[in-house]
Amino acid sequence: LVREIPVAGRGRLARAGSLTHAAHRLARRRCPVIYRHTQIGYGMFFVGVSLAALVAARVRSWALFGVMCLVTAVASALFGTLTIEVGGAAVVVRFGPVGLVRERIATTDIVSARAVRNSPLYGWGMRYIRNGRLWSIWGLDAVELQLTNGSRFRIGTSQPAALLAALKASGVAA
């Protein structure tokens, strides 16, 4: 006997015990956030405005300077911060206050976590690295998550010890 239950907001039925996307979202809302840290990338704004000033001075155009500063402001708004949240069921990493660019990793998909130091050659931003990806806004310290699919996901942070403690509290082997 299979019992069917209504799935919130979808207007359809799901088998009891299955975890549909809507039910998963509902379960995610109930998990408290045990760690949240936002790192601000001041360097991105400084470099953008400096580059705009240099280019505009070279071509002697205030209009170009204004456009480049506007582009820098929009890029800083979208990618100027990196927020890391660890809840009971997932790790969420997002760029900017709006969070248009984000990654959600279920804690069950994380095999292990460890503190690492990135090479300066990796740079900042979203990068592909050998066998994985790196998201960083500033600095060289990071926490590397080894995922069940064999890939790595490095999260740049100024608080690697606190992030590792939060991951350990949520059930990830650190």
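One structure accompanies this document, and this report is about it. In this text, all values refer to a predicted model and were calculated from it rather than measured experimentally.

1. Overview of the overall build of the protein chain
Then, in step 1: If you tally the helices and strands in the protein chain, you get 4 helices and 11 strands.
Then, in step 2: In the protein chain, which comprises 174 residues, the share counted as buried stands at 37%.

2. Focus: the sheet that holds strand 11 (residues 152–156)
Then, in step 1: Pairing in this open sheet of 5 strands is mixed, and the strands run 7-10-11-9-8 from one edge to the other. In this open sheet, the two strands that pair with only one neighbour each are strand 7 (110–117) and strand 8 (125–129). Across the sheet, the mean angle separating the axes of adjacent strands is 20 degrees when strand polarity is ignored.
Then, in step 2: Across 4 bridges, strand 9 (residues 132–136) lies against strand 11 in parallel orientation. Among the inter-strand pairings, L134 is bridged to a residue of strand 11, identified as R154.

3. Describing the side chain of T72
Then, in step 1: In this structure, T72 sits in helix 3 (residues 62–79).
Then, in step 2: If we ignore the near neighbours within four places in the chain, the residues touching T72 are F45, G48 and V49.

4. Digging into the nonpolar core
Then, in step 1: Membership of the largest hydrophobic core comes to 22 residues, with the highest contact counts inside it found for L145, F153 and L167.
Then, in step 2: Secondary-structure elements contributing two or more residues to this core are strand 4 (81–87), strand 5 (90–95), strand 7, strand 10 (141–147), strand 11 and helix 4 (160–169).
Then, in step 3: For this core, the element with the most residues is helix 4, which contributes 4 residues.
Then, in step 4: If we skip the residues at most four places from it in the chain, F153 touches V93, E103, I105, R133, W135, V143, E144, L145 and L147.

5. Comments concerning the pattern of salt bridges
Then, in step 1: Scanning all chains against the criterion turns up 7 salt bridges.
Then, in step 2: Linking R133 and E103 is a salt bridge whose minimum nitrogen-to-oxygen distance equals 3.2 Å. Note that R133 is positioned in strand 9 and E103 in strand 6 (residues 101–106), a separation of 30 residues in sequence.
Then, in step 3: What emerges from the salt-bridge pattern is a single network uniting R114, E144, R152 and R154.

6. A look at the packing of helix 2 (residues 42–59) against helix 3
Then, in step 1: Interhelical geometry of helix 2 versus helix 3 gives an angle of 165 degrees and a closest axis separation of 9 Å. Our classification of the angle between helix 2 and helix 3 gives roughly antiparallel. Viewed along their axes, helix 2 and helix 3 form a crossing whose handedness is right-handed. Touching M44, F45, G48, V49, L51, A52, A53, V55, A56 and V59 of helix 2 are L64, F65, M68, C69, T72, A75, S76 and F79, all from helix 3.
Then, in step 2: By residue class, the composition of the contact of helix 2 with helix 3 is 15 nonpolar, 3 polar and no charged.

Thresholds applied
- Residues numbered from 1 in each chain as written.
- Predicted model: local features only at pLDDT ≥ 70, side-chain atom pairs only at ≥ 80, totals over all residues.
- Heavy atoms only, no water.
- Helix = DSSP H or I, 4+ residues; strand = E, 2+ residues; numbered from the N terminus.
- Buried < 20%, exposed > 50% of the residue type's maximum accessible area, 1.4 Å probe, protein only.
- Pairing = 2+ DSSP bridges.
- Axes fitted to C-alpha atoms, helices over the stretch in contact; angles between N-to-C directions.
- Contact = heavy atoms within 4.5 Å.
- Core = buried A, V, L, I, M, F, W, Y, C linked by side-chain atoms within 4.5 Å.
- Salt bridge = Lys/Arg side-chain N within 4 Å of Asp/Glu carboxyl O.
- Parallel < 35°, antiparallel > 145°, perpendicular 65-115°, else oblique.
- Left-handed = near helix turned anticlockwise from the far one by under 90°.
- Nonpolar A, V, L, I, M, F, W, Y, C, P; charged D, E, K, R; others polar.

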